[in-house]
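These are the residues of each chain, in order.
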Amino acid sequence: MNQDEMKKQAAEAALAYVEGGVVGVGTGSTVNHFIDYLAGIKGRIEGAVSSSEASTQRMRQHGINVIDLNAAGPLSLYVDGADESNHQLQLIKGGGGALTREKIVAAASAQFVCIADETKLVSCLGQFPLPVEVIPMARSYVGRELVKLGGNPVWRENFVTDNGNLILDVHNLEIMEPIKLENQINALAGVVTVGLFANRPADVLILGSQSGPRTLKAD
Ligand code: 5RP
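Just so it is clear, the structure is predicted and the values come from calculations on it, not from any experiment. (Residues numbered from 1 in each chain as written. Predicted model: local features only at pLDDT ≥ 70, side-chain atom pairs only at ≥ 80, totals over all residues. Heavy atoms only, no water.)

A.B. asks: What's the story with the pairing of strand β6 (residues 109-117) in this structure? I'm lost.
C.D. replies: When a strand is regular, its side chains alternate between the sheet's two faces. Among the 9 residues that make up β6, 7 are buried, leaving the element largely enclosed by the rest of the structure. In terms of strand pairing, strand β3 (residues 75-80) meets β6 through 5 bridges, oriented parallel. Bridge pairing in β6 places V79 opposite V113. Relative to strand β12 (residues 204-208), β6 runs parallel, the two sharing 5 bridges. Within β12, the position partnered with V113 by the bridge is V204. (Buried < 20%, exposed > 50% of the residue type's maximum accessible area, 1.4 Å probe, protein only. Helix = DSSP H or I, 4+ residues; strand = E, 2+ residues; numbered from the N terminus. Pairing = 2+ DSSP bridges.)

In structure tokens, the structure reads:
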């Protein structure tokens, strides 16, 4: 089974958490599979809150009702992928650049179900470069501050987020204290969002694997 088939397996398993109402929907290739499965039960939900223009477009193509978060109120369920997860279900996200809206929808949701293939589970976060969304004029300043924090920030060139901002991908971090680092980076002037989801980790992690979907809950 290849990586995409494992992502598909995790996405299908997440359907069991959908109980109707309005579902928060993330972004990425794993979530694209989830959206395709969600389309099959769209009559059972009121609609979905989207975390990106890409997911909005895919859901609309399937005829899923996309609802503005401001109109939806608190959500019971958010389903999204991740670039890395540790065993506490703290995540690195933002490989697709949708981290800010993803963090907002995750924060507004009672339960966050993360879907991924088993290669995303790590003992220590940081092998995957940590995405940081920045206001364009702050790019160099924030870059220098990230170097002081021990990272090697690389500007994701030719990429603009849905919010009109830039992404710095921070390499060479070994994230021993995810909550502390999330707070430190969040506190830098010009940072919109850091792709560390440690203060608000996932509640459930479904990993597609060679032996079928595996479900982990936070330690
Ligand atoms: C997008 C994300 C994605 O969830 C993350 O990049 C994982 O993507 P994929 O499901 O394609 O592996 O955070 O901003």
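A.B. asks: Could you clarify how one ought to interpret the site of the ligand in this entry?
C.D. replies: Taken together, 17 residues surround the ligand, and among them S29, T30, D83, G94 and K120 come closest. Contact distances for the ligand include 3.4 Å between an oxygen atom and a backbone N or O atom of G81. At 3.5 Å from an oxygen atom of the ligand is found a main-chain nitrogen or oxygen belonging to G95. Looking at the shell around the ligand residue by residue, the classes come out as 2 nonpolar, 9 polar and 6 charged. (Near = heavy atom within 4 Å. Polar contact = N/O pair within 3.5 Å; in protein donor to acceptor, adjacent residues only side chain to side chain. Nonpolar A, V, L, I, M, F, W, Y, C, P; charged D, E, K, R; others polar.)

A.B. asks: It is not clear to me how the nonpolar core should be interpreted in this structure. Could you clarify?
C.D. replies: The nonpolar side chains of a soluble globular protein tend to be buried with one another. V18, V25, F34, L38, I64, V113 and I115 are the most contacted members of the largest nonpolar core, which has 24 residues in total. Within the residue set of this core, elements represented by two or more residues are α1 (3-14), β1 (22-25), α2 (29-39), β3, β6 and β12. In terms of residue count, α2 provides more of this core than any other element does, 5 residues in total. Other than its neighbours up to four places away in sequence, I115 contacts A10, A11, A14, T30, V31, F34, V79, D80, G81, A82 and I206. I92, V134, L146 and L196 belong to the second-largest nonpolar core, a separate cluster that totals 20 residues. (Core = buried A, V, L, I, M, F, W, Y, C linked by side-chain atoms within 4.5 Å. Contact = heavy atoms within 4.5 Å.)

A.B. asks: Help me out: how do you make sense of the sheet that holds strand β10 (residues 191-194) in this one?
C.D. replies: Strands pair in a sheet through their backbones, by hydrogen bonds, and they do so in one of two ways: parallel or antiparallel. Ordered by their spatial adjacency, 4 strands build an open sheet running β8-β9-β7-β10, and the pairing between neighbours is antiparallel. Strand pairing shows two members of the sheet lacking a second neighbour, β8 (152-155) and β10, which therefore form its edges. Neighbouring strand axes in the sheet, compared pairwise and without regard to direction, differ in orientation by 30° on average. Pairing of β8 with strand β9 (residues 166-171) involves 4 bridges; the strand directions are antiparallel. Residue W155 lies in a different strand from β9, and its bridge partner there is L168. Running over the sheet, helix α5 (residues 99-107) touches β7 (130-134), β9 and β10 and is turned about 65° from β10. Contacting β7, β8, β9 and β10, helix α6 (residues 139-148) crosses the sheet at an angle of about 15° to β9. (Axes fitted to C-alpha atoms, helices over the stretch in contact; angles between N-to-C directions.)

A.B. asks: Help me out: how do you make sense of the side chain of T100 in this one?
C.D. replies: Mapped onto the secondary structure, T100 falls in helix α5. Under the relative-accessibility criterion, T100 is labelled buried at 9%. Residue contacts for T100: discarding those within four places in its chain leaves E133, N163, V192 and T193.

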